[in-house]
Amino acid sequence: MAQKLNTLIYIQHLLASQVSAGSLCIDATCGRGHDTAFLAQLVGEKGRVLAFDVQREAIESTRKLLSERHLLEQVQLYEDSHIHLAQYAKERSVSAIMFNLGYLPGGDHQLATKAETTIAAIKAGLTLLNDEGIMTLCIYHGGDSGFTERNDVLAFLREIDNQSYTVLVTEFYNRPNYPPLAAVITRN
């Protein structure tokens, strides 16, 4: 039986078709570690995943999940903001970068991603993507978080140079309660 399609499943499907064993990937917002674990499985033992979060709780939660799944060896965890991505990888060396915007699931809703740092991180990440590179954003925006960030990020995505990158934004149009948007950026 097929999985029910949602934003994250859609993004994972795209990434699985682009990322191969041995790749370098980045989880820009590791949260509870599920995206980090997904990327670690894709890159395999010879690949590398750099995972970032500003919250120690997120880093520790990710570390625990990776350890339970025997995926910790190929992951480097950084308690740092995603705006510093370019300090950890070389230009054009990264196969995939994942962003999950919003707040830490089960965490403090006041500690959420913000448009200014997200846009700066996207800019930094674009320089890191290799020729076949892909960047994905899962933009959570309902309730008490994210409408401003969503609007600002979408406005920024519209302005990305179309000669260098292709940007696709999708939404689950008939689902209630502000389902997250999926944004995909690829290098041309």
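Refer to the structure above for everything that follows.
Here the structure is a predicted model, which means the values were calculated and not measured. (Residues numbered from 1 in each chain as written. Predicted model: local features only at pLDDT ≥ 70, side-chain atom pairs only at ≥ 80, totals over all residues. Heavy atoms only, no water.)

## Points about the packing of helix 1 (residues 7-18) against helix 2 (residues 34-43)
Then comes step 1: Put simply, helix 1 and helix 2 touch, their axes get as near as 11 Å, and they point 20° apart. By the angle class used here, helix 1 and helix 2 are roughly parallel. Viewed along their axes, helix 1 and helix 2 form a crossing whose handedness is right-handed. Along the contact surface, helix 1 presents Leu8, Gln12, Leu15 and Ala16, while helix 2 presents Asp35, Phe38, Leu39 and Leu42.
Then comes step 2: Here the residues of the contact of helix 1 with helix 2 are counted per class, giving six nonpolar, one polar and one charged. (Axes fitted to C-alpha atoms, helices over the stretch in contact; angles between N-to-C directions. Helix = DSSP H or I, 4+ residues; strand = E, 2+ residues; numbered from the N terminus. Parallel < 35°, antiparallel > 145°, perpendicular 65-115°, else oblique. Left-handed = near helix turned anticlockwise from the far one by under 90°. Contact = heavy atoms within 4.5 Å. Nonpolar A, V, L, I, M, F, W, Y, C, P; charged D, E, K, R; others polar.)

## Overview of the nonpolar core
Then comes step 1: Counting residues in each nonpolar core, the largest one holds 30 residues, and the members touching the most others are Ile97, Phe99, Ile122, Met135, Leu137 and Ile185.
Then comes step 2: At the level of secondary structure, the elements contributing two or more residues to this core comprise strand 1 (24-27), strand 2 (48-53), strand 4 (94-101), helix 4 (115-128), strand 5 (129-139), helix 5 (147-159) and strand 7 (181-187).
Then comes step 3: By residue number, the principal contributor to this core is helix 4, which donates six residues. (Core = buried A, V, L, I, M, F, W, Y, C linked by side-chain atoms within 4.5 Å. Buried < 20%, exposed > 50% of the residue type's maximum accessible area, 1.4 Å probe, protein only.)

## Brief notes about the pattern of salt bridges
Then comes step 1: Under the definition given, this model contains five salt bridges.
Then comes step 2: Arg32 serves as the salt-bridge partner of Glu57, at 2.9 Å between the closest nitrogen and oxygen. Of this pair, Glu57 sits in helix 3 (residues 56-68) while Arg32 sits in the loop between strand 1 and helix 2, and the two are 25 residues apart along the sequence.
Then comes step 3: Judged by relative accessible area, which is 42%, Glu57 ranks as partly exposed.
Then comes step 4: Here Arg32 falls in the partly exposed class, since its relative accessible area comes to 21%.
Then comes step 5: Note that Lys64 is salt-bridged to Glu68, the shortest N-O span being 2.9 Å. With Lys64 and Glu68 both in helix 3 and four residues apart, this pair spans about one turn of that helix. (Salt bridge = Lys/Arg side-chain N within 4 Å of Asp/Glu carboxyl O.)

## Overview of the sheet that holds strand 7
Then comes step 1: The seven strands lie next to each other as 3-2-1-4-5-7-6, forming an open sheet whose pairing is mixed. Of all the strands in the sheet, the pair left with one neighbour each is strand 3 (75-79) and strand 6 (165-170). Pairwise comparison of adjacent strand axes, ignoring direction, gives a mean angle of 15° for this sheet.
Then comes step 2: Inspection of the sheet shows strand 1 paired to strand 2 by four bridges, in the parallel sense. Each residue of the ladder has a partner; that of Cys25, found in strand 2, is Val49.
Then comes step 3: Together, strand 2 and strand 3 form the strand contacts of helix 3, whose direction differs from that of strand 3 by roughly 165°. (Pairing = 2+ DSSP bridges.)

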